[in-house]
Amino acid sequence: MNDRDALTAYAASFVDELAQNEVKHVVVSPGSRSTPIALLLVEHPDIKIHINVDERSAAFFALGLAKALKEPVGLLCTSGTAAANYYPAVIEAFYSRVPLIVLTADRPHELRDVGAPQAIDQLHLYGRHVKWFVEMALPESTDGMMRYARTVGARAVATAAAEPAGPVHLNFPLREPLIPDLEKAKEYRQNKITPAVVIDSGERSLSASQIEAVATTLSQAKQGIIVCGELPHPEMKEAIVALAEKLAFPILADPLSQLRSGSHDKAVIIDAYDTFLRDETAKAAFRPEVILRFGAMPVSKPLLLFMKKQKQAITLVVDGGAGWREPAGLATNMIYSEEKDFCLKMADKIISSPDDEWLRLWQTVNGTTKDALASVRDESELSEGKLFALLADMMPLKSTLFVGNSMPIRDLDTFFLNNGKGIKTMANRGANGIDGVVSTALGVSTVSKNTVLAIGDLSFFHDMNGLLAAKLQKQNITILLVNNDGGGIFSFLPQANEREHFETLFGTPHGLDFSHTSQLYGGKYNKVQSWGEFEKVFTESFEIQGLKIIEVPTERESNLQKHRNLWSFVSQEIKMVLDREIS
């Protein structure tokens, strides 16, 4: 058997094994050294490929696909710095627990470290930011090597998907010729789903004695809170709510928890804590004995600071991925159990609390805060707070809202409140970076109907290359471009007091006309000047296919002042209600 036949047998076996393990999507960045794998992927009937020229954009696009599908997605590039451009998205996938299978083509060993073009050291390129790395063997066509290729493929999928999910990296050294025999490759496809090796991975759960001990701790607490960050599985909603109702504990629900939107009961869900926990009077009124946490740490800094001060509380962190997501540094119990299973077993053990006074106090303060926050809707000037307050009203049922970092995610936290529309909210909160946000949202839009991206101008600029995928693949997405001509979040930070150098180092005004961006990538562009115009254009965007960019111009200084005035107003309202309730 010649070299081409060996390449075909080996690579075709690997690609087919991905399909046998139900990898349905692979994002491909064009290149020469990756040719054999790319051709075999595009020829496989059970795998859909997505072409993305820019490797950094490609990796974030794959990240978005995997986030939306909640299943492993493949990612392929050629050798050299192409692979290095995947790194930011690999980091994000690692920290946000998103399953990616990163396939990098490489020069064979004799062309390494000898000055060959597009040859860099790709071994362990992503360091500790992948769950597993394999330097693949050179292609051979023996039964043992084809079995090896399939086994590594199966292990890669299983490892990426196992909790905590995350990226794996397989590096393929390939010699020329790089063109496989596509007709012969069909011989290496299985006719049905028959993985080379079945890898069963069970969920973590507590023993009966552990369940009893935790249930006793929770039952004895009269004043507790449940804090939910981004949750791994949407079906957890009812289980967490049922547990909270039994305990009479409020649920402080981050917008990415998916608990704020849907048909489930939201009576115990507190959604305005980011605002009222800025107030000293409110913080003094709430002294929990127990804090029960699920998911990633929420976005809200006031909540984090509040929890850090609760040194008297027993803090239990439940994590089915057996990680250590506890930046507050106060955990007394790390509970490694699948979250839904934990909630169901706890709810079964705990007798309903007869006293709901603690819960009612949280509900009263939350309701007062929401009434005060509603005043943002009266603003006539275009503002970031009102924009996010209106989105819950204007987004279609079962739509998806992807939100950029810095100010957009914080305004989402403050103003996107409980609703029954089943809106899925998503963001890149692993490393919290502004890079790759456009591409990630485009990946999400591939499989999620009525996707909206709300993003700041600097984040948008940072990933404009990602819009090429929208043009070439005819992605259907509405982008709300909040343009305050710079880094708006820095106006809220201590750096804002350094007036002499603030604009140069942090404000970073750019003066870009984004209408040219829309024209370049074939999108429909509108720059709105009033709320009436925004409502019309935004509503119509869901009836138009393709890329739609709606620019919402705002003023940084005005936005800062509006937020501060609103927080001051809320504090006055909270003080009055707490004086009445506690007295």
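The structure contained in this document is the topic of the report that follows. Note that the coordinates shown come from a computational prediction; the quantities given were computed from them, not determined experimentally. By convention here, each chain's residues receive numbers from 1 onward along its written sequence. Totals for whole chains, interfaces and linings use all residues, but because this is a predicted model, local features are given only for residues with pLDDT of at least 70 and pairs of side-chain atoms are given and counted only at 80 or more. Remark: hydrogens and water are excluded; side-chain values derive from all non-hydrogen atoms of the structure.

### With respect to the overall build of the protein chain
Turning to step 1, where the next piece is worked out: Secondary structure follows DSSP: runs of H or I at least 4 residues long count as helices, runs of E at least 2 residues long count as strands, and numbering of each begins at the N terminus. Looking only at helices and strands, the protein chain features 23 helices and 18 strands.
Turning to step 2, where the next piece is worked out: The atom set for the radius of gyration is the C-alpha atoms, and the globule formula is 2.2 Å times the number of residues raised to the power 0.38. For 583 residues, the compact-globule estimate of 2.2 N^0.38 gives 25 Å, and the protein chain sits close to it at 26 Å.
Turning to step 3, where the next piece is worked out: Along the three orthogonal principal directions, the C-alpha set of the protein chain runs to about 90 × 65 × 45 Å.
Turning to step 4, where the next piece is worked out: Using a 1.4 Å probe on the protein chains alone, a residue whose accessible area is under 20% of its type maximum counts as buried, one over 50% counts as exposed, and one in between counts as partly exposed. Residue burial in the protein chain is summarised as follows: out of 583 residues, 56% are buried.
Turning to step 5, where the next piece is worked out: In the protein chain, 78% of the contacts between residues at least 6 apart in sequence involve partners at least 24 apart.
Turning to step 6, where the next piece is worked out: Both charge centroids of the protein chain, one from 60 positive and one from 72 negative side chains, sit 2 Å from each other. Contacts: residue pairs with any heavy atoms within 4.5 Å of one another. His residues and chain termini do not enter the charge count, which takes Lys and Arg as positive and Asp and Glu as negative. Each charge is placed at NZ for Lys, CZ for Arg, CG for Asp and CD for Glu.

### Overview of the side chain of Asp411
Turning to step 1, where the next piece is worked out: Along the chain, the position of Asp411 falls in helix H16 (residues 407–415).
Turning to step 2, where the next piece is worked out: Buried charge without a partner: Asp411 forms no salt bridge, and the closest opposite charge is Arg278, 7.8 Å away.
Turning to step 3, where the next piece is worked out: In contact with Asp411, not counting residues within four places along its chain, are Glu384, Phe388, Phe416 and His563. Every case where a carboxyl oxygen of Asp or Glu lies within 4 Å of a side-chain nitrogen of Lys or Arg is listed as a salt bridge.

### Considerations on the packing of aromatic side chains
Turning to step 1, where the next piece is worked out: Under the pairing criterion, centres of Phe, Tyr and Trp rings, with the six-membered ring standing for Trp, must be within 6.5 Å; the plane angle then separates stacked pairs below 30 degrees from edge-to-face pairs above 60, leaving the rest tilted. This model, assessed by the stated rule, comprises 14 aromatic pairs.
Turning to step 2, where the next piece is worked out: Summarising the aromatic geometry, the rings of Phe286 and Trp362 are spaced 3.9 Å apart at their centres and angled 20 degrees between planes, so their arrangement reads as stacked. Taken as a pair, Phe286 in the loop between helix H11 (280–285) and strand E10 (290–294) and Trp362 in helix H14 (residues 357–373) lie far apart in primary sequence, 76 residues in all.
Turning to step 3, where the next piece is worked out: With a relative accessible area of 0%, Phe286 lands in the buried category.
Turning to step 4, where the next piece is worked out: For Trp362, a relative accessible area of 0% translates into the label buried.
Turning to step 5, where the next piece is worked out: An aromatic cluster is present here, built from Phe276, Phe286, Phe306, Trp358 and Trp362 joined pairwise through their rings.

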